[in-house]
Amino acid sequence: IGQGINTKAAQVAAFVLGVPLEKVRVEGSNSVTGANTMITANSMTSEMIGLAVRKACTTLNQRLAPVKQQLGPQATWVQVLQAAYLQSVFLTATESYKLGDIPSYSIFGLSLTELEVDILTGNHLIRRVDILEDAGESLSPNIDVGQVEGAFVMGLGYYLTEKLVYDRQTGQILTNRTWNYHPPGAKDIPIDFRIELLQKSPNPVGFMRSKATGEPALCLAVGVLFAVQHAIQSARFDAGLPREWVRLGAPTTPEEIVLNAGSQVTSFTL
């Protein structure tokens, strides 16, 4: 999650300037090129950077327009730049995103989760996940699918494994290493993971009709708790217990699943 910003920036520049993608190179940001740049957060970095890139490229297009008119439509990009250089056309443009450039909008998504729970240990296996994500007109579908996958798996950690335990007397965090704090691993990723972006759903107020795809899909991971709830209710029914709602928090660890499954020692035989 949070990757692919450079690729989207390069794609926007290539599109606005009308040049092949291989002609675009993205350099790292620093306090010289951007003295007051914003942090990469809140799932809006791609839009902010894309908007700033489009502004800068539009400025360059305006400066190069007279040169292109002189050379004619057959001139290549390199020929246009060579002529612009000889005419002392300034070929550097700096722009930034300003608060309010992109209005607020809503993001929608659907998810379906199928998992298998070992009632004796509380361990689970996510068999399949289907997600339909509203990304507007995606700037880069491959990247956005990866963003949805990453956000959802991050949500799996939040809802199932990443439990924080503190010392009640000192406030010191006790789950301070991977031996007792468990972010999602390779075996926690759904076995069958299917992501689809909603088609023909342009965002009328978004950057180039797109929508953010960083953190929103994290919210869809809450579906795993409802799947766990169904598994627990099934186990309680098999144990002969009455059906009642079991409160599940974030995270619902294997220990909590075992304690709520209704299993009794007298039910087991050797």
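Located above this text is the structure these notes cover.
Residues numbered from 1 in each chain as written. Predicted model: local features only at pLDDT ≥ 70, side-chain atom pairs only at ≥ 80, totals over all residues. Heavy atoms only, no water.

Student: Quick question: what am I supposed to make of the overall build of the protein here?
Tutor: Of the regular secondary structure elements, the protein holds six helices and three strands. Counted from the first residue to the last, the protein has its helices and strands arranged as α-α-α-β-β-α-β-α-α. A compact globule built from 270 residues should have a C-alpha radius of gyration of about 18 Å, whereas the protein, at 26 Å, is more than 25% larger. Projected onto its principal axes, the C-alpha positions of the protein cover 90 × 45 × 35 Å. For the protein, the proportion of its 270 residues judged to be buried stands at 34%. (Helix = DSSP H or I, 4+ residues; strand = E, 2+ residues; numbered from the N terminus. Rg over C-alpha atoms; globule rule 2.2 N^0.38 Å. Buried < 20%, exposed > 50% of the residue type's maximum accessible area, 1.4 Å probe, protein only.)

Student: For this particular structure, what's the right way to read the pattern of salt bridges?
Tutor: A side chain with one charge may pair with a side chain of the opposite charge, provided their charged atoms come close. Enumeration over the complete set of coordinates arrives at 10 salt bridges. Residue Asp134 is joined to Lys211 by a salt bridge in which the shortest nitrogen-to-oxygen separation is 2.5 Å. Taken together, the residues span a long stretch of sequence, with Asp134 in the loop between strand E2 (124-133) and helix H4 (141-161) and Lys211 in the loop between strand E3 (192-197) and helix H5 (223-238) at a distance of 77 residues. Under the relative-accessibility criterion, Asp134 is labelled buried at 4%. For Lys211, a relative accessible area of 10% translates into the label buried. Between Glu244 and Arg236 there is a salt bridge, with its nearest N and O atoms 3.4 Å apart. Residue Arg236 is classed as buried on the basis of its relative accessible area of 10%. (Salt bridge = Lys/Arg side-chain N within 4 Å of Asp/Glu carboxyl O.)

Student: Is there a simple way to explain the side chain of Asn203 in this structure?
Tutor: Locating Asn203 in the fold gives a position in the loop between E3 and H5. At a separation of 2.9 Å, a polar atom in the side chain of Asn203 contacts the main-chain carbonyl oxygen of Ser210. Once residues within four sequence positions are removed from consideration, Asn203 is found in contact with Tyr105, Gly136, Arg209, Ser210 and Lys211. (Polar contact = N/O pair within 3.5 Å; in protein donor to acceptor, adjacent residues only side chain to side chain. Contact = heavy atoms within 4.5 Å.)

Student: I tried to follow the packing of helix H2 (residues 45-71) against helix H3 (residues 77-86) on my own but got confused; where do I start?
Tutor: For any two helices packed against each other, one specifies the inter-axial angle together with the distance between the axes. In the contact formed by H2 and H3, the axes pass within 10 Å of each other and the chain directions differ by 115°. By the criterion of interaxial angle, the relationship of H2 to H3 is roughly perpendicular. Crossing angle aside, the handedness with which H2 passes H3 is right-handed. On H3, the residues touching Leu64, Val67, Lys68 and Leu71 of H2 are Trp77, Gln79, Val80, Leu81, Ala83 and Ala84. Considering only residue class, the contact of H2 with H3 consists of eight nonpolar, one polar and one charged. (Axes fitted to C-alpha atoms, helices over the stretch in contact; angles between N-to-C directions. Parallel < 35°, antiparallel > 145°, perpendicular 65-115°, else oblique. Left-handed = near helix turned anticlockwise from the far one by under 90°. Nonpolar A, V, L, I, M, F, W, Y, C, P; charged D, E, K, R; others polar.)

Student: Just checking my understanding: could you explain the nonpolar core for this structure?
Tutor: Within the largest apolar cluster, 26 residues are counted, with the highest numbers of intra-cluster contacts made by Ile131, Phe152 and Val224. Broken down by secondary-structure element, the contributors of at least two residues to this core are strand E1 (109-117), E2, H4, E3 and H5. Here this core takes seven residues from H4, the largest share from any one element. Setting aside its immediate chain neighbours within four residues, Phe152 contacts Thr113, Val129, Ile131, Pro190, Phe193, Ala217, Leu218, Leu220, Ala221 and Val224. Residues Val12, Met48, Leu51 and Tyr97 belong to the second largest nonpolar core, which totals 15 residues. (Core = buried A, V, L, I, M, F, W, Y, C linked by side-chain atoms within 4.5 Å.)

Student: Sorry if this is basic, but what is going on with the packing of aromatic side chains here?
Tutor: The geometry of an aromatic ring pair is captured by the separation of the ring centres together with the interplanar angle, meaning the angle of the planes. Enumeration over the complete set of coordinates arrives at two aromatic pairs. With 4.9 Å between their ring centres and 80° between their planes, Tyr158 and Tyr159 make a pair best called edge-to-face. (Phe/Tyr/Trp six-rings, centres within 6.5 Å; stacked < 30°, edge-to-face > 60°.)

Student: Hey, could you run me through the packing of helix H1 (residues 5-17) against H2 in this one?
Tutor: It is at 8 Å that the axes of H1 and H2 come closest, and there the two elements cross at 25°. On the basis of the axis angle, H1 is roughly parallel to H2. Here H1 runs over H2; the crossing is right-handed. Contacts between H1 and H2 involve Ile5, Lys8, Ala9, Val12, Ala13, Val16 and Leu17 on the former and, on the latter, Thr45, Ser46, Ile49, Gly50, Val53, Arg54, Cys57, Thr58, Leu60, Asn61 and Lys68. Its residues assigned to classes, the contact of H1 with H2 shows 10 nonpolar, five polar and three charged.

Student: Where do I start with the environment of Gln147 in this structure?
Tutor: Mapped onto the fold, Gln147 is located in helix H4. A relative accessible area of 9% means that Gln147 is categorised as buried.

Student: Explanation requested: the pairing of E1 in the structure shown.
Tutor: If a strand is regular, its side chains alternate between the two faces of the sheet. By the bridge criterion, nine bridges tie E1 to E2 in an arrangement that is antiparallel. Bridging from a neighbouring strand, Leu112 pairs with Asp130 of E2. In this structure, the hairpin formed by E1 and E2 is closed by a connection of six residues, where Gly122 is found at a positive phi of approximately 85°. (Pairing = 2+ DSSP bridges.)

Function cannot be read off these values alone, since they describe shape.
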